Amino acid sequence: MLKFKPTFELQRDVVSDIFRKEASVCRVKEYSAAVDTCILNIERDGGILYSWKGATGTTRIGKYDSNTKQNKLLYTFDKQVCVSSCSLNSEETLLAVSLAQNTRGEERFKPISKCLTLLVEIHPINNTKVLKAVDCRVKVQFLNSETDRRSVLESHLLLLTEDGYVDLYHVLLTKQEGYRVVMANPERLTRTTERIVEDFCWAQWDEHTQRVYYVTHDLTHTQDKFLMRCVQFYPNHNCETVLELPLELPVNFFCTVKFVNLGFDHYHVERPEQELVRMKVFTNRLGSMCVCYSQALKDKQELIYTVVLVHKDCSKTFRVSLGGNQSPQKAPQLHPLFIPIGYHILVYLQGYFLHCINTRQQEMLCHSLFLSGLDVDLGLQGQSANITVLHAEEEASGSLLDLASGRIYTAELSPAFLLQILRSDTPSRCPSSKADPQRLAALHCLLVYMGNDPNLELKIIEWLCDNMNAFASFDQIQEFILASLYRISYEKSLSLDKVLPYSSVLDKKEILACLLEVPGVLCTTELHIEPVFKGKARSLQGFWLELQWNTERTKYLDAVPNPRYRTSHIQADWEKLSERRPSSHRNNMEENTKKVLSMVDTWCLDKKLVPLFQEEDHQQRALIGLTVDKLREHLNRHLPRMGKKKIDSLVVNYVAKLLELIRHMLESVWLKYKLGPRVLCLTQRGSPAEWSVFHFMFRILEATRGLCLPLPPGYHTLLAVFAVRCLPRHTFLQYIDHGFLQLTEIFVSRLMTDLDNSDANERLKFSILKRLPEPMEQKIYHMWDHPVSSASISREYARTLLEKHNNKGCAFTSRDKPGFRPEFLPLTYLAKILSDIEEQALNPFDEQENVDARFVEETALKQTLILLGFEEK
């Protein structure tokens, strides 16, 4: 599931160097004594502080520079001491150290404190100042802003104590003799100290963002409730509380004070049963915050853990049954590991389960991968109890420290493992119907989080080719399209998560139960967690502004109907496109289409393998313009903060990426089956490879039609070419009649010219002509060398010629009356004119009121007899 890349190894990078230096001090060829080396802290610049017992009975503190790969000795104690906490300022002039006092042996009778906190001048080594001597643990941490403050002789040190308070020391420095950096007025140091936190039971330091998170009791409630607060330190080293978050925690959640990301104390061993809670906070520069905590495993049958998604204004609590998932090991750990990787939080309980939680699309369980049993072995060499998750820099891969071996790894999701889940018939030994959620989650993880890798995308397309039929619970081609489109925009704003399409599953009227639940996992969701932003956080640019905006926008989107753009919603507008529309609206959609196609052209200058974008497909052009119009309208309605210019660029890029994605899919399958120009010849029957391509193209058509998405111009022509080569003739015509195939002018013209006039081909051509609209039919007749075409052209010519001389009011249409046969147009036209004149002739008897009918009858009879020659006039 994870790929581990070692970035630091204590034995290789530090201990071997210590051996060499100690050997030179002892004047022996090789220093073979045991070196008790311990990692103490990892500073913001990646520097690793460590201590070791010297060969001469001393204790030394050094720093490993992760950039230069060099070690540096910082300070030497003239006796062996127990360093429980250590921090170095960014200028490397001051070293803060907390020592665990030894109360054994003879010294147990001396009145000494359990912890001694020192501030040491090390540039050069000069003076030592005692900051605290107390009977509780003390953690030290220098502030370290990104600004270059080397010219400012000032450092700022945090002291966090087990008694539950935090002090900030402002240390003024001065230079002596041009290079010596010493404390100015060390005796007045305590007067420049300010109390930052009065009471806490859990604290976490974030070195990359310079924040302290801490949990305290909520004194505003009579019940025993908790608040998590965040103190932000600014570049000028001022600080303030910027966030308060209520947490629903058990009353006795913290029996001892917990420190997170504040170094590694090798002399304070906490019994496993004392660790009732494991808690961590993870943030992201886009404005996301996740608070993860778990309750200790008691009965070994169920583990409970909670992920508070502050940016989504909700929290999710998971109860995982461990009864049937146990792998052969001695006993489970009491707590899982929380590992941040991108926008995923991995919850890992060694030997039992791994839950890859999607913190961006958390509504449905099927978008978060859950594995159990033997499939969840991450390949860690040590026990997870010895593994510490380091607070990685925002957007970076997760980092793990194995304290037992002294190794640091970066952890990344393994695309090979996720591909294996896609390709497996029964992932994680589940029945096929229950494997769909794992496939769906793995597919989205591959496409969205890792999808920028072209080779990986090609492997996914190959998987789609090998699994063309839709799964029982989702359409994998629809998921591929929507997830790939979501990838191009998800890094722009978290607010797009609830507005842009993400999965076709969300559009289904009925969702299968297997996508809504995970066997053995019970999930409960709490909405409206009510974070409170305070102080300058309301006016800050950057993280706090984005987090506040994301929480407020989430509340708004949860309250309005249909906030997520659904592609199927434009179906009604698409069906009305054939109706007469205002010219301004048509012109606007055509401008949208031109923007999209011009962008695609810039991407596809050297990609002409598949004949797309080479014809005017008016239907698809209209749908492209409509899609841009409707998506832009939706984003402007719900995300006005993005601005019209950014939204317009995003929407055009989104639709262009859709067309390019389909072209890329066809190009990939074209190369997979090694198709050449001969596949466009209509005189030959298709090969099995071409049948596979036709089937794949038809599935793309089904997927896009189900989502009401446009296709690249030329797609219907290419699909019809494959259809006429691969399908029996009667099946081909049935596909046309049922609307699966669209007869384009280019395809029909090629059909008429490329196929000879054999009996079978003539029957096909006549069948095609009967299915064409009349304007296209007349164009096609000019391309087909056949007597029927000549007759049709002659009739049309005679009709046009006679209509030029027709009087007004006598417009001629050969199909006006079924009694007229249009085979000989001049005679038919003459009969039409005479009929119209007869209808317009004035009846002399219409206006006569008194008529002698007997006289008229006799006169008419007399005239008839004369005309017939029976009587003379």
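Q: Teacher, can you tell me more about the pairing of strand β2 (residues 38-42) here?
A: Working note: regular strand, side chains alternate between the two faces of the sheet. Here β2 lies mainly inside the structure; 5 of its 5 residues are buried. Two elements, β2 and strand β3 (residues 48-53), share 4 bridges in a ladder whose sense is antiparallel. Counted as the bridge partner of I39 is Y50 from β3. In sequence, β2 turns back onto β3 through a hairpin of 5 residues, with G46 there showing a positive phi of about 90°.

Q: What am I meant to see in the nonpolar core here?
A: Side chains of nonpolar character tend, in soluble globular proteins, to be buried together. In this structure, M1, L635, Y715, F732, F747 and I768 are the most contacted members of the largest nonpolar core, which totals 139 residues. A per-element tally of this core places helix α11 (residues 644-672) first, with 15 residues. Apart from the residues lying within four places of it in its own chain, the contact partners of I768 are F732, L733, I736, L743, V748 and L751. By size, the runner-up hydrophobic cluster in this structure holds 29 residues, among which are C230, L245, F543 and L547.

Q: Can you help me understand the sheet that holds strand β27 (residues 369-372) in this one?
A: Within a sheet, each strand pairs with its neighbour through backbone hydrogen bonds, oriented either parallel or antiparallel. Strand order in the open sheet formed by 4 strands is β24-β25-β26-β27, with antiparallel pairing between adjacent strands. Edge positions in the sheet fall to β24 (337-341) and β27, since each has one partner strand and no second. The average angle at which neighbouring strand axes cross in this sheet is 15°, direction not considered. Pairing geometry for β24 and strand β25 (residues 344-349), over 5 bridges, is antiparallel. What sits directly across from I341, in β25, is H344.

Q: Is there a simple way to think about helix α12 (residues 688-707) in this case?
A: Its 20 residues give α12 an end-to-end C-alpha distance of 29 Å, which sits within 8% of 28 Å, the value for a rise of 1.5 Å per residue. Among the residues trailing α12, C708 stands out with phi positive, at a value near 55°.

Q: Help me understand the confidence of the model for the chain, please; the structure alone is not making it clear to me.
A: Low-confidence regions, as indicated by low pLDDT, have predicted coordinates that should not be scrutinised in detail. Mean pLDDT over the chain stands at 83; residues scoring 70 or higher make up 82%. Across the chain, strand β10 (residues 138-142) holds the top mean pLDDT of 96, while helix α19 (residues 825-840) sits lowest at 66. A low-confidence stretch, residues 27-33 (pLDDT under 50), is modelled with 10 contacts involving residues beyond four sequence positions or located in other chains. Here residues 426-431 is a poorly scored stretch, pLDDT under 50, and it has 13 contacts once near neighbours within four places are set aside; other chains count.

Q: Before we go on, may I ask you to explain the sheet that holds strand β28 (residues 387-390) in this structure?
A: An order of β1-β30-β29-β28 is seen for the 4 strands of this open sheet, with the pairing classed as antiparallel. In this open sheet, the two edge strands, each paired with only one partner strand, are β1 (2-9) and β28. Across the sheet, the mean angle from the axis of one strand to that of its neighbour is 30°, orientation sign disregarded. One ladder, built from 7 bridges, connects β1 with strand β30 (residues 407-413); its direction is antiparallel.

Q: How do you make sense of the state of the cysteines when you look at a structure like this?
A: Working definition: the covalent bond between the sulfur atoms of two cysteines is a disulfide. Taken as a whole and judged by the stated rule, the model has 0 disulfides. There is no disulfide at C292, and the cysteine sulfur nearest it, in C290, is 5.8 Å away. There is no disulfide at C356, and the cysteine sulfur nearest it, in C445, is 5.0 Å away. Residue C356 is classed as buried on the basis of its relative accessible area of 2%.

Q: I tried to follow the side chain of E457 on my own but got confused; where do I start?
A: Tracing the backbone through its elements, the reader meets E457 in helix α4 (residues 454-466). Relative accessible area serves as the criterion here: at 9%, E457 is assigned to the buried category.

Q: I would appreciate a short explanation of the pattern of salt bridges in the present structure.
A: Close approach of charged atoms allows side chains with opposite charge to pair. Inspection of the entire model under this criterion finds 39 salt bridges. Put simply, E198 and R195 hold a salt bridge, and the shortest N to O gap is 3.9 Å. The exposed category is assigned to E198, whose relative accessible area is 59%. R195 sits in the partly exposed class, given a relative accessible area of 40%. The partner of E302 in a salt bridge is R319, and the shortest N-O contact between them spans 3.1 Å. Of this pair, E302 sits in strand β22 (residues 302-309) while R319 sits in strand β23 (residues 314-321); the two residues are 17 residues apart in sequence, bridging distant segments of the chain. Residues participating in the shared-partner salt-bridge network are E9, R12, D13 and R407.

Q: Sorry, what's going on with the packing of aromatic side chains here?
A: Two numbers describe a pair of aromatic rings. These are the distance of the centres and the angle of the planes. If you walk through the whole model with that rule in mind, you get 23 aromatic pairs. Taken together, a centroid distance of 4.9 Å and an interplanar angle of 80° make the contact between Y75 and F77 edge-to-face. Summarising the burial analysis for this pair, Y75 and F77 share the class buried. Aromatic side chains F353 and F370 sit 5.6 Å apart centroid to centroid with 20° between the ring planes, which places their arrangement in the stacked category. Here F353, found in strand β26 (residues 353-358), pairs with F370, found in strand β27; they are 17 residues apart in sequence, far enough to count as distant. Here the two residues F353 and F370 agree in accessibility, since each one is buried. Here a set of aromatic residues connected by ring pairs shows up, and it is made of W691, F694, F698, Y735 and F740. The ring of Y165 has R195 lying over it, and the distance from NZ or CZ to the ring centre is 4.1 Å.

Q: What is the right way to read the packing of α4 against α11 from this model?
A: Relative orientation and spacing of two packed helices are given, respectively, by the angle between their axes and the distance between those axes. The N-to-C vectors of α4 and α11 enclose an angle of 75°; their axes lie 10 Å apart at closest approach. With respect to each other, α4 and α11 are oriented roughly perpendicular. Along its contact with α4, which presents E457, L458, I461, L464, C465 and D466, the element α11 presents L661, H664, M665, S668, V669 and K672.

Q: I keep staring at unusual backbone geometry and nothing clicks. Help me out?
A: With the exception of glycine, most residues fall at negative phi, and the peptide bonds are largely trans. Of note, the amide linkage connecting H123 to P124 takes the cis form, showing an omega dihedral of -10°. With respect to the element layout, P124 can be found in the loop between β8 (115-122) and β9 (125-134). One non-glycine residue, H528, lies in positive phi territory at about 60°. Inspection of the secondary structure assignment puts H528 in the loop between β31 (521-527) and β32 (532-533). Overall, H528 belongs to the partly exposed group, its relative accessible area being 46%. Of note in this structure, N562 is not a glycine but carries a positive phi near 50°.

Q: Before we go on, may I ask you to explain the environment of V499 in this structure?
A: As for its placement among the helices and strands, V499 is situated in the loop between α5 (476-487) and α6 (513-516). The residues contacting V499, other than those within four sequence positions of it, are L557, P563, R564, Y565, H634, L635, H638 and L639.

Q: Looking at this model, I keep getting lost on the environment of M783. Mind explaining?
A: Along the chain, M783 turns up in the loop between α17 (774-781) and α18 (787-804). Owing to a relative accessible area of 33%, M783 belongs among the partly exposed residues under this scheme. Spatially, the C-alpha atom of M783 lies 8.8 Å from that of R750, the residues being 33 residues apart in sequence. Apart from the residues lying within four places of it in its own chain, the contact partners of M783 are E745, S749 and T753.

Q: Would you explain the pairing of strand β11 (residues 154-161) in this entry?
A: Taking burial as the measure, the 8 residues of β11 include 7 buried ones, the bulk of the element. Two strands pair when backbone bridges link them, and β10 and β11 are joined in this way by 5 bridges, in the antiparallel orientation. Counted as the bridge partner of F142 is L157 from β11. In this sheet, strand β12 (residues 166-176) lies alongside β11 in antiparallel orientation, the contact comprising 7 bridges. From the neighbouring strand, L158 faces β12, where its bridge partner is L168.

Q: So what exactly am I meant to see when it comes to the environment of P710 here?
A: Within the element layout of this structure, P710 appears in the loop between α12 and α13 (715-726). With 85 residues separating them along the chain, P710 and G625 place their C-alpha atoms 9.2 Å apart.

Q: What am I meant to see in the side chain of S315 here?
A: By secondary structure assignment, the location of S315 is in strand β23. With a relative accessible area of 7%, S315 lands in the buried category. Not counting chain neighbours up to four residues away, the residues in contact with S315 comprise T306, V307, V308, L309, T524, T525, E526 and I529.

What counts and what doesn't
- Residues numbered from 1 in each chain as written.
- Predicted model: local features only at pLDDT ≥ 70, side-chain atom pairs only at ≥ 80, totals over all residues.
- Heavy atoms only, no water.
- Buried < 20%, exposed > 50% of the residue type's maximum accessible area, 1.4 Å probe, protein only.
- Helix = DSSP H or I, 4+ residues; strand = E, 2+ residues; numbered from the N terminus.
- Pairing = 2+ DSSP bridges.
- Core = buried A, V, L, I, M, F, W, Y, C linked by side-chain atoms within 4.5 Å.
- Contact = heavy atoms within 4.5 Å.
- Axes fitted to C-alpha atoms, helices over the stretch in contact; angles between N-to-C directions.
- Expected span 1.5 Å × (residues − 1).
- pLDDT = per-residue confidence, 0-100.
- Disulfide = S-S within 2.5 Å.
- Salt bridge = Lys/Arg side-chain N within 4 Å of Asp/Glu carboxyl O.
- Phe/Tyr/Trp six-rings, centres within 6.5 Å; stacked < 30°, edge-to-face > 60°.
- Lys NZ or Arg CZ within 6 Å of the ring centre and 35° of its normal.
- Parallel < 35°, antiparallel > 145°, perpendicular 65-115°, else oblique.

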